[in-house]
Amino acid sequence: MKIFSCPKCKSDLFFENSSCVKCHEKVGYNAISDAFESTRLNRNLKFCENKKYAVCNWLLPKTDNSKFCKACALNRKVPHANDIENFNKWKKLEIAKHRLIYQLIKLKLPLVPKLDDDEGIAFDFLSKDNKENKLTGHSNGVVTILLTEADAVAREQNRVEMNERYRTLLGHFRHEIGHYYWMYFFNNNSSSLNAFRSFFNDERQDYGKALQTYYNNGAPKNWNLNYISKYATSHPWEDWAETWAHYLHIMDTLETGNQTGIAFTREKTDFNEEPVFKCSNPYLISDFNIIFKESTTLTSAVNSLNRSMGLPDVYPFIVPQPVFKKLNFIHSLFINKS
Ligand SMILES: [Zn+2]
Ligand SMILES: [Zn+2]
Ligand SMILES: [Zn+2]
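Since this is a predicted model, take the numbers as computed values, not measurements.

Asker: What am I meant to see in the overall build of the protein chain here?
Answerer: Counting secondary structure elements, the protein chain contains eight helices and twelve strands. Scaling as 2.2 N^0.38, a compact globule of 338 residues should have a C-alpha radius of gyration of about 20 Å, and the protein chain matches this with 21 Å. Along the first, second and third principal axes, the C-alpha atoms of the protein chain reach 60 × 60 × 45 Å. Classification of the 338 residues of the protein chain by burial places 47% in the buried group. When the accessible surface of the protein chain is totalled, it reaches about 17700 Å², and 51% of it is carbon and sulfur. Averaging the positions of the 44 positive and the 38 negative side-chain charges in the protein chain gives two centres separated by 4 Å.

Structure follows, in structure tokens:
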């Protein structure tokens, strides 16, 4: 993600800031200019309606008919402000969701609310005991997120129970929206669908049965030679969503490396390449080899930093060649599109 600066005093701002720590200017994120701005300095802007509840810090043009920003306009079901416990959980989830939407805009993906178009996207934030008996997941553009996901203790418990190396709110959002964009890239497009199948296998196998088999038997031995996670082995759609989420992790972390000016000046690297490089802006690079090599150097350095602090690895994954090819295929979808 970009490192933003205050429109008044130019101090660094985090994406979640709604005022400048240094000069106290009230600021918000304008997705159109991809910058932080102030309604005092730019009177053509208004805050998203969810700013009232401290759920959102995004700005939109005053002329826009919508009360909500691009991220909040996708919401369909959210907890009532009187339901304080669930409301606070929703707030935490929105932090991750706004980061997701930032990146989807960067990738120029369509973000049409289902409320306006049946083919669009809707986010339903539901409590665990919802009437529909729904779980976190995706169905036909509707991303359901259980509010309990925002509970850090429950999430860690789930992570251990599900035998996962990594479980975060942002990871959830990236995974679930991946199912939606699968339809965008491959429904009604037989040539790209054939290409998809050559990397991820045939998705026409029974989805329900495949998941049941996975939950009964777990991942096959040596799953790590072909998949990014155990869960990715359950069905080609899940492999896609897991790999897609990884693609977004890689692009976002490398963009952050680029924005913070991280450079590597080691004498020798494992990759027989330029020993000196500054992290690139991955959204401007067509060759995924470069993105991947830089990302590997970056994440291994950050993993080492974390270990110095006694923390778990930021990126606890190893990418085997078949997964690299899947990631490369995902990147090619954007390159060929633009
Ligand atoms: Zn400032
Ligand atoms: Zn908003
Ligand atoms: Zn999934």
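Asker: Even after reading the chapter, I still don't get the UniProt feature "domain: Zinc-ribbon" (unreviewed entry) in the protein chain, so can you show me in this structure?
Answerer: Under the UniProt annotation, "domain: Zinc-ribbon" (unreviewed entry) lies at residues 4-81. Within the segment residues 4-81, helix and strand shares are 0% and 26% respectively, and the terminal C-alpha atoms sit 30 Å apart.

Asker: So what exactly am I meant to see when it comes to the coordination of the zinc ion (ligand 1) here?
Answerer: Octahedral metals with six donors have ideal donor angles of 90 or 180 degrees. Tetrahedral metals with four donors have an ideal donor angle of 109.5 degrees. Donor atoms from the polypeptide that bind the zinc ion (ligand 1) are Cys6 (SG), Cys9 (SG), Cys20 (SG) and Cys23 (SG), placed at 2.3 to 2.4 Å. Expressed as a motif, the donor residue spacing for the zinc ion (ligand 1) is C-x2-C-x10-C-x2-C. Remark: Cys23 occurs in the loop between strand E2 (12-13) and strand E3 (28-30) and Cys9 occurs in the loop between strand E1 (4-5) and E2; sequence separation between them is 14 residues.

Asker: Help me understand the coordination of the zinc ion (ligand 2) in this model?
Answerer: In the first shell of the zinc ion (ligand 2), the protein supplies Cys48 (SG), Cys56 (SG), Cys69 (SG) and Cys72 (SG), at 2.3 Å from the metal. Angles of 106 to 116 degrees at the metal separate the four donor atoms of the zinc ion (ligand 2), which places the site in the tetrahedral class. One chain supplies every donor for the zinc ion (ligand 2), spaced along it as C-x7-C-x12-C-x2-C. In this pair, Cys56 is assigned in the loop between strand E5 (45-47) and strand E6 (58-61) and Cys72 in the loop between E6 and strand E7 (75-77), connecting sequence segments 16 residues apart. There is no split in this pair, since Cys56 and Cys72 are both buried.

Asker: Would you explain the pattern of salt bridges in this entry?
Answerer: If the charged atoms of two oppositely charged side chains come close together, the side chains can form a pair. Applying the stated criterion across every chain, the model contains 17 salt bridges. Here Glu94 and Lys97 are joined by a salt bridge, their closest N and O atoms 3.2 Å apart. Taken together, the residues span about one helical turn, with Glu94 and Lys97 both in helix H1 (residues 84-106) at a distance of three residues. The class of Glu94 is buried, set by a relative accessible area of 0%. Among the ionic contacts, a cluster of salt bridges with common partners joins Lys2, Asp34, Lys106 and Glu255.

How each quantity is defined
- Counting restarts for each chain: residues are numbered from 1 in the order of the written sequence.
- Throughout, the order in which chains and ligands are written sets their labels, letters from A for the former and numbers from 1 for the latter.
- Residues qualify for local features only when their pLDDT is at least 70, as the model is predicted, and side-chain atom pairs are given and counted only at 80 or more; totals for whole chains, interfaces and linings, by contrast, use all residues.
- Heavy atoms throughout the structure, all of them, feed into the side-chain values; hydrogens and water do not.
- Numbering of helices and strands runs from the N terminus; a helix is a DSSP stretch of H or I covering at least four residues, while a strand is a stretch of E covering at least two.
- For the radius of gyration, the atom set is restricted to C-alpha positions; the globular benchmark scales as 2.2 Å times the number of residues to the power 0.38.
- Burial here depends on accessible area, computed with a 1.4 Å probe over protein chains only, as a share of the maximum for the residue type. Under 20% is buried, over 50% is exposed, and the range in between is partly exposed.
- In this description, accessible areas are obtained by the Shrake-Rupley approach with a 1.4 Å probe, and a residue is regarded as covered only by the protein chains that are shown.
- A positive count includes Lys and Arg, and a negative count includes Asp and Glu. His and the chain ends are not counted in either.
- Lys charges are placed at NZ, Arg charges at CZ, Asp charges at CG and Glu charges at CD.
- UniProt positions are given in the numbering used here, feature names are shortened, and annotations may be inferred rather than shown by experiment.
- Counted as donors are the N, O and S atoms within 2.8 Å of the metal, or 3.2 Å for Na, K and Ca, while water is not among the atoms, so some sites may look incomplete.
- A four-donor site is classed as tetrahedral when every donor-metal-donor angle falls between 85 and 135 degrees; four donors are called square planar, and six octahedral, when trans pairs exceed 155 degrees and all remaining angles lie between 65 and 115, with any other arrangement labelled irregular.
- Any carboxyl oxygen of Asp or Glu that lies within 4 Å of a side-chain nitrogen of Lys or Arg is treated as forming a salt bridge with it.

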